Structures are given as structure tokens and as C-alpha cells.
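Below are the chains, spelled out letter by letter.
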Amino acid sequence: KAGVTQTPRYLIKTRGQQVTLSCSPISGHRSVSWYQQTPGQGLQFLFEYFSETQRNKGNFPGRFSGRQFSNSRSEMNVSTLELGDSALYLCASSFVRQGNNNEQFFGPGTRLTVL
Amino acid sequence: KQEVTQIPAALSVPEGENLVLNCSFTDSAIYNLQWFRQDPGKGLTSLLLIQSSQREQTSGRLNASLDKSSGRSTLYIAASQPGDSATYLCAVLNSSASKIIFGSGTRLSIRP
């Protein structure tokens, strides 16, 4: 069974631009969660999608948004990029929603650099 | 508000030693606790998942324990190898907020 895949793996953007990251969960998994990882803040939860609906949201500004498609693939969008958005963005998939006591499987991440 | 702490932040031990990594959390109302491994610049690899009703889980040379009442979990690594060098993160699934809260990790280095 293929694992969680994320594209692209690396991305360089300039301030003010926008970016879209993609995550394909493990086949059969319906929940996709997104995290931002930085050296200073560690791993922080962005949001979770389940059955095309955002079920949970972390404390990030509205510039961070996402969506999930009917095949469970998810995209995350960041608009008006700031230098502080440089980070490793990780997505995780699970069979059911986060609150249902289940194991999370992570993708390799997308390394975003904002210049 | 759930807080997850991992101490020490970094640990270096010679190859072959048994070692214990610590994770503590402030709110005992959790669904489960998961241990992950992260290699530099890579994603997270799930090592062990302990449900709230369980006391421990084992996989190969790894053993994870959970004591909800004291808000602690340990990851025991037996006969450490250089390939075990990585950052180890624990994460708690908080039942009240249905969110996963991560610790800041312990960077482990195994000296040959």
C-alpha cells in the first residue's frame, strides 16, 4: 500500500506570492491533517479535513486555507506569503477523524522557502 | 490547555546502550499517545501508538509505556544502534479538543 505523498517536495517563493501544496492520503483514509514545522515553534496543527469538510482548525491566520476533494486528496493554500511562512509543511492521513483514537501516518513534507 | 514536554532536548549515548526517552503531558484526558521518529528534513515515521486504556506497546527493540495518572510516557530503546539517531517526538491526541499536540522532540545521537 502506498504511503502518504506530498507534492512538490521543495518550493521557493517570494514574499507576497501565494502557494498551493498537495497531499494524497493512504488509499482508504478519509482524514487529512496539515501541520507546519519550524525550528522555533516545532510542529503546529493547521487544520483537519474529513469527507471534504474542515473538522478542526489550529491558530493560524486566514491566509492559510485548505480543501479536500471527493477522492480524499487535499490541498493547502497560503496567500500573501511572509518570510515567517518558511517551514516544512507536513500532512498526515488516518482512516477516521482525529478524535476517533486512530493512528496518524505522515508524508515526507513540502519544504517551503520564502525569500 | 494541553502541553507536551520532552526532556532532554538532546541526548548522545554510545552504541549498544539501552536508553529511555521521556514525554510528559499536563492533561490526562487523552485518547492516545503516539511516538514518532523524524530524520533530518524528512517526514515523521510512526513508531508506536498507545491507546488510553493500554499501559504499554512493544515493537522490536522499542517499548513505549503510558501512565495517564502521572501524565507520563517513556520510550525505551534496547541495544541502541547508529541507525537509531534521529529526533523522537511524542504526540498526544487530546480528547477535549480532538487535536494532536506534539512535544518539541528529543534529538538522539548514537555514537559508534
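Going by the structure above, here's the rest.
Each value, and the rule that gives it
Residues numbered from 1 in each chain as written. Chains lettered and ligands numbered in written order. Predicted model: local features only at pLDDT ≥ 70, side-chain atom pairs only at ≥ 80, totals over all residues. Heavy atoms only, no water. Pairing = 2+ DSSP bridges. Helix = DSSP H or I, 4+ residues; strand = E, 2+ residues; numbered from the N terminus. Axes fitted to C-alpha atoms, helices over the stretch in contact; angles between N-to-C directions. Contact = heavy atoms within 4.5 Å. Salt bridge = Lys/Arg side-chain N within 4 Å of Asp/Glu carboxyl O. Nonpolar A, V, L, I, M, F, W, Y, C, P; charged D, E, K, R; others polar.

## Some words on the sheet that holds strand β8 (residues 74–78) of chain A
Residues and elements named next belong to chain A. The four strands are arranged β1-β3-β8-β7 in an open sheet whose pairing can be described as antiparallel. Looking at strand neighbours, the two that pair on one side only are β1 (5–7) and β7 (64–68), the edges of this open sheet. Averaged over all pairs of adjacent strands, the angle between strand axes in this sheet comes to 20 degrees, irrespective of strand direction. In the sheet, strand β3 (residues 19–24) pairs with β8 via five bridges, with the strands oriented antiparallel.

## Focus: the interface of chain B and chain A
It is common to give the size of an interface as the accessible area lost on bringing the parts into contact. Across the boundary between the two partners, chain B contributes 19 residues, which contact 19 residues of chain A. Summed over the shared surface of chain B and chain A, the result is zero salt bridges. At the level of secondary structure, the elements contributing two or more residues to the side of chain B that touches chain A comprise β4 (30–38), β5 (44–51), β9 (86–94) and β10 (99–102) of chain B. Element by element, the count of residues in the side of chain B that touches chain A is highest for β4 of chain B, at five residues. Looking at the side of chain B that touches chain A, its residues break down into nine nonpolar, eight polar and two charged.

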